[in-house]
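Notes for the structure review
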Amino acid sequence: METSSDKGRRNLISFLIAQFCISVNFTMWRSVYNNFLHERFSVTEFQRGYLAAIRETPGLVTALSAAGIAAVSESTMGGIYVLVTGLGTLAFVYAGQFRWLIFALVLMSAGMHLAMPIRSSLSLRLGKEGAKAKRLGQIGSVAAAAALAGSGLVALVIKTVDYNGVFIIASIAAGVGAIGMFLVRLEDKGEVRRNRFAVKKKYSLYYALSFLDACRRHIFITFAAYGLVKIHGVDTRTIATLVFVNNAINIYTRQMMGGLIDRFGERGILIFNYTLL
């Protein structure tokens with residue numbers, strides 16, 4: 001008979017496998033995306049910003065994630081959304097025209113944005129009281145290691161398999177990640193389920209910080225790598241190498257930051273984080 005400890009270990013392993021594969025999927029896609037746009041579609045600065053806006057639009061429908069969980073378990077819905085992400089990644093193989101590029105982008109982004117809050121929720125539920133931030137840091141380190149593997153793989157195979165091969169490998173990784181999510185089985189006893197948004201005044205500062213951080217982050221990720229590709233002519237292998245170095249650093253810093261949050265609290269660490277940025 002499986003004990004609660006065994007169940008907890010199995011759930012954690014399944015979730016870590018899912019996180020690893022999801023991160024591989026996203027990193028491989030991100031490593032080639034700007035070069036893909038430049039070489040296949042010769043996008044202008046305006047078009048690049050336009051595509052970024054389209055990509056973020058599905059984030060507005062994350063309410064569907066909460067609504068779906070009201071009837072189905074978090075892990076099941078998460079698996080479905082990760083599967084949609086994989087199908088969206090695969091659709092880039094067939095994006096020969098701009099309208100099909102938009103279709104692939106929206107499909108992938110919808111799956112990714114819908115899965116995001118579920119992944120965060122499961123991460124917290126898998127952590128023990130008093131050490132949840134540390135667990136988040138550990139899970140983040142696994143995701144960083146996966147990103148390391150994904151970017152390294154792109155650097156190694158891009159000359160051989162080209163963009164389509166990268167998208168196919170990334171979509172397979174997402175499929176494996178979806179299976180990992182389906183295998184997570186957490187007890188829902190005593191858990192309060194909600195199928196509506198709850199906006200509270202006491203969280204207004206958090207909302208404002210999230211808004212400003214998202215603005216900064218998306219301006220950077222939209223135009224930083226794009227500028228390297230279009231202005232400086234940086235090739236896909238070099239972009240993948242830069243992503244590789246970034247994630248090599250993250251493997252150690254994410255878990256460390258999680259431990260620091262448990263020790264010093266969120267406020268001090270956030271001030272330190274925003275000061276560095």
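Residues numbered from 1 in each chain as written. Predicted model: local features only at pLDDT ≥ 70, side-chain atom pairs only at ≥ 80, totals over all residues. Heavy atoms only, no water.

This next bit is on the overall build of the protein. Counting its secondary structure elements, the protein contains 9 helices and 0 strands. Secondary structure of the protein in N-to-C order comes out as α-α-α-α-α-α-α-α-α. Of all intrachain contacts in the protein linking residues separated by at least 6 positions in sequence, the fraction that spans at least 24 positions is 85%. By element, 66% of the accessible surface of the protein is carried by carbon and sulfur atoms, the whole surface being about 15300 Å². (Helix = DSSP H or I, 4+ residues; strand = E, 2+ residues; numbered from the N terminus. Contact = heavy atoms within 4.5 Å. Areas by Shrake-Rupley, 256 points an atom, 1.4 Å probe, with all protein chains shown as cover.)

Before going further, it helps to spend a moment on the packing of aromatic side chains. Throughout the structure, instances matching the rule amount to 14 aromatic pairs. Ring pairs connect the aromatic residues Phe26, Trp29, Tyr33, Phe36, Phe41, Phe92, Phe98, Tyr163 and Phe167, which therefore count as one cluster. (Phe/Tyr/Trp six-rings, centres within 6.5 Å; stacked < 30°, edge-to-face > 60°.)

Along the chain, Phe167 turns up in helix H6 (residues 132-182). Judged by its relative accessible area of 0%, Phe167 falls in the buried class. Contact partners of Phe167, with chain neighbours within four places excluded, come to Trp29, Val32, Phe36, Thr89, Phe92 and Val93. (Buried < 20%, exposed > 50% of the residue type's maximum accessible area, 1.4 Å probe, protein only.)

Okay, helix H4 (residues 74-91) next. Between its terminal C-alpha atoms H4 stretches 26 Å, which fits the 26 Å expected from 18 residues at 1.5 Å a residue. The buried fraction of H4 amounts to 13 of the 18 residues, a majority that puts the element mostly inside the structure. (Expected span 1.5 Å × (residues − 1).)

Running from N to C, H4 and helix H5 (residues 98-125) cross one another at 150°; their axes reach a closest spacing of 7 Å. For the element pair H4 / H5, the angle class is roughly antiparallel. When you trace H4 past H5, the crossing you get is left-handed. Each of Glu74, Ser75, Met77, Gly78, Tyr81, Val82, Val84, Thr85, Leu87, Gly88, Thr89 and Ala91 in H4 lies in contact with H5, whose residues at this interface are Ala104, Leu107, Met108, Gly111, Met112, Leu114, Ala115, Ile118, Ser121, Leu122 and Arg125. For the contact of H4 with H5, the residue count by class is 14 nonpolar, 7 polar and 2 charged. (Axes fitted to C-alpha atoms, helices over the stretch in contact; angles between N-to-C directions. Parallel < 35°, antiparallel > 145°, perpendicular 65-115°, else oblique. Left-handed = near helix turned anticlockwise from the far one by under 90°. Nonpolar A, V, L, I, M, F, W, Y, C, P; charged D, E, K, R; others polar.)

Right, let's talk about the environment of Ile261 for a bit. The residue Ile261 is located in helix H8 (residues 236-264) in this model. Not counting chain neighbours up to four residues away, the residues in contact with Ile261 comprise Ala133, Glu266 and Ile269.

Here the focus is the side chain of Thr27. Following the sequence through the fold, Thr27 ends up in helix H1 (residues 4-41). Residue classification places Thr27 among the buried residues on the basis of a relative accessible area of 2%. Setting aside residues no more than four positions away along its own chain, Thr27 makes contact with Ala147, Gly150, Ser151, Val243 and Asn247.

One pass over the structure, following the stated rule, counts 6 salt bridges. The closest approach of N and O atoms between Glu56 and Arg55, which form a salt bridge, is 2.9 Å. When the shortest N-O distance is used, the salt bridge between Glu74 and Arg125 registers 2.6 Å. Taken together, the residues Glu74 in helix H4 and Arg125 in helix H5 connect sequence positions 51 residues apart. For Glu74, a relative accessible area of 7% gives the class buried. Under the relative-accessibility criterion, Arg125 is labelled partly exposed at 28%. Residues participating in the shared-partner salt-bridge network are Asp213, Arg216 and Arg217. (Salt bridge = Lys/Arg side-chain N within 4 Å of Asp/Glu carboxyl O.)

A separate point is the confidence of the model for the protein. Residues with a pLDDT of 70 or more make up 88% of the protein, whose mean pLDDT is 85. At the level of individual helices and strands, the protein shows its lowest average pLDDT in helix H3 (residues 63-69), which scores 55, and its highest in H4, which scores 94. Confidence drops under a pLDDT of 50 for residues 189-195, and excluding neighbours within four residues, the segment shows 11 contacts in the predicted structure. (pLDDT = per-residue confidence, 0-100.)

What follows concerns unusual backbone geometry. With the exception of glycine, most residues fall at negative phi, and the peptide bonds are largely trans. Residues other than glycine seldom take positive phi values, yet Ser42 does so here, at roughly 50°. Positionally, Ser42 belongs in the loop between H1 and helix H2 (45-56). According to the relative accessible area criterion, Ser42 is exposed, its value standing at 52%.

A word on the nonpolar core. In this structure, Phe36, Leu51, Phe92 and Leu101 are the most contacted members of the largest nonpolar core, which totals 30 residues. Those elements that place two or more of their residues in this core are H1, H2, H5 and H6. The leading source of residues in this core is H6, at 9 residues. Those residues within four positions of Leu51 in sequence are excluded, and the remaining contacts are Tyr33, Leu37, Val43, Phe98, Leu101, Ile102 and Leu105. (Core = buried A, V, L, I, M, F, W, Y, C linked by side-chain atoms within 4.5 Å.)

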